[in-house]
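# Breakdown of the fold
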Amino acid sequence: MSDDGYMMEDEEEFEFEYEEDDGDEAEGVVDVENDYYTAKSQRDDPDVALASFQKIVQNEADAGEQGDFGFKSLKQMTKLTFRLGRYAEALKYYRILLTYTKKGVTRNVAEKSINNILDYVSAESALDTTQMQEFYEVTMKALEEAKNDRLSTKTNLKLAKLWLDRKEYGRLNKILKELHASCAPDEDGDVDSSKGTLQLEVYALEIQMYGETKNNKKLREIYEKSSRVRSAIPHPRIQGVLRECGGKMYMSEKDWPKAQIDFFESFKSYDEAGSPQRIQVLKYLVLAHMLMDSQINPFDSQETKPYKNDREIVAMTNLVSAYQRRDVHEAEKILRDNRATIMEDPFIKGYIEDVLRSLRTQWILEIIKSYTTVEIIYLARQLRVPSEEVEDILVALILDDKIQGRIDQVTQRLEIDRHKALETRRYASLDKWTAQLSSLQGVMLQKSAGAGGPDRSSALGSGGNWMGSHVGLGGGELWA
């Protein structure tokens with residue numbers, strides 16, 4: 001038989017070997033077991049079931065004992081009243097249950113039950129923050145009295161995750177300070193692997209908090225600290241969280257290549273952990289690929305290839321294809337038709353305009369290759385965007401030296417100076433050639449000096465520079 005609800009767990013099966021002198025005791029155990037299962041069968045009538053469970057607990061109290069069935073009865077009473085929304089009553093029964101953890105049941109049974117109850121409580125959205133905290137406070141107090149440091153730390157982590165989910169950052173900060181204290185090195189300055197692992201879990205919570213509050217300075221600080229932790233064997237999910245937040249940090253700094261690396265590592269970690277977050281991070285990876293203008297398909301790697309046709313990913317796959325073809329209108333259509341899988345994520349939505357701008361920039365560069373004069377209004381009509389946006393892109397291209405030309409504000413035309421562009425490339429090539437020849441001259445002089453050859457400095461002219469005269473170029477002369 002199993003408990004229902006969120007905290008299902010198999011009941012233990014009891015087998016009894018009777019001896020002549022313990023028949024009464026065995027019969028008593030069988031009776032209390034029967035009473036327990038009878039009470040469970042009455043849960044359709046909550047008040048009747050509660051009375052039956054209470055009778056089991058009272059009988060143990062009268063006998064001055066704390067046993068398994070009293071503990072299980074209190075657990076059922078806590079769940080039952082909590083499910084009915086009688087939270088104060090549930091807390092009362094939970095307090096009594098915690099007294100059994102000292103000697104009434106084994107530590108493993110106690111830990112499993114406490115974790116299950118807290119999970120059950122944390123999942124209740126109708127419970128206000130103050131009531132929620134009460135359940136955790138009585139738990140922490142009981143664990144301190146029982147000197148169960150391991151479960152106390154786990155409970156604090158659970159509470160920290162709860163405050164993060166509820167965006168209670170003030171309460172979260174307080175818990176994080178306590179958890180950091182738990183990770184402190186021992187007197188010799190050593191940090192064992194368990195503390196290192198805990199430290200990474202705390203950093204993962206902290207970095208998510210700073211990511212959500214847009215505190216990039218603190219986020220970077222925690223990210224760098226987490227990368228320096230060596231004495232740890234972290235769960236892949238924790239590594240996934242840290243690298244995901246690192247990727248988002250680099251995205252905010254527009255460092256697309258580093259963001260792409262972190263998202264890829266995050267995806268692999270989530271995939272190893274079997275976390276559904278891998279799909280979302282894969283979308284971020286594709287986004288970073290487009291923004292860094294990579295011609296490599298992100299789905300060519302063996303890690304990402306199995307997800308190429310995932311229904312959540314297909315839209316991003318199509319977007320990459322449109323981007324690599326420089327098909328602006330197809331990309332815009334994909335975004336319109338797949339708002340649920342792409343645009344509903346606030347993080348992706350924040351960078352889609354960057355993707356479209358990059359795509360429009362590449363399209364403009366392709367279009368103007370064959371022209372010396374282009375009307376801005378023509379480009380705007382083709383892209384279906386305002387003329388001001390096109391002009392803004394053109395100005396950026398001119399300032400970045402990707403276009404040699406000027407914008408005539410009167411005629412609203414881009415005038416491209418092909419001759420100037422050609423001359424610029426020619427002189428850049430000459431500079432590169434001159435630098436290579438100078439380097440070759442230095443190598444030859446070193447070899448000559450090492451071999452004890454004659455001094456050639458006089459032949460090379462003043463300063464030993466044999467390029468000091470002139471270099472002939474196609475009938476013309478370029479004087480140094």
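Residues numbered from 1 in each chain as written. Predicted model: local features only at pLDDT ≥ 70, side-chain atom pairs only at ≥ 80, totals over all residues. Heavy atoms only, no water.

### What to know about the layout of surface pockets
Of the voids in this model, the largest pocket is the one considered here, and its volume is about 870 Å³. In terms of lining, the largest pocket is formed by 31 residues, of which the most central are Thr 153, Lys 154, Leu 157, Lys 158 and Glu 201. Of all the secondary structure elements, the ones that give two or more residues to the lining of the largest pocket are helix H5 (107–122), helix H6 (129–145), helix H7 (149–165), helix H9 (193–212) and helix H11 (236–252). For the lining of the largest pocket, the element with the most residues is H7, which contributes 12 residues. Tallied by class, the residues present in the lining of the largest pocket amount to 11 nonpolar, 9 polar and 11 charged. The space that makes up the second largest pocket amounts to roughly 680 Å³. Forming the boundary of the second largest pocket are 24 residues, of which Gly 211, Glu 212, Glu 244, Lys 248 and Phe 347 lie nearest the centre. Secondary structure elements with two or more residues in the lining of the second largest pocket: H9, helix H10 (216–227), H11, helix H13 (277–291) and helix H17 (346–367). Among the elements that make up the lining of the second largest pocket, the one with the highest residue count is H11 (7 residues). Class assignment of the residues belonging to the lining of the second largest pocket gives a composition of 10 nonpolar, 8 polar and 6 charged. (1 Å grid on protein atoms, 1.4 Å probe; cavity = no way out; pocket = protein on both sides within 12 Å on 5 of 7 lines; lining within 4 Å. Points joined across faces, edges and corners; volume = space filled by probe spheres on them. Helix = DSSP H or I, 4+ residues; strand = E, 2+ residues; numbered from the N terminus. Nonpolar A, V, L, I, M, F, W, Y, C, P; charged D, E, K, R; others polar.)

### Overview of empty space enclosed by the protein
Take a probe with the size of a water molecule and roll it over the atoms, and the empty space left behind shows itself. What the rule picks out here adds up to 1 cavity of 30 Å³ or more. By volume, the largest cavity is sized at about 30 Å³. The wall of the largest cavity is formed by His 289, Met 290, Ser 294, Ile 296, Pro 298, Val 320, Tyr 323 and Gln 324. Residue assignment for the lining of the largest cavity shows that the elements contributing at least two residues are H13 and helix H14 (314–324). No other element matches the 3 residues that H14 contributes to the lining of the largest cavity. Of the residues that constitute the lining of the largest cavity, the class distribution is 5 nonpolar, 3 polar and no charged.

In short, shape yes, function no, at least from these values alone.
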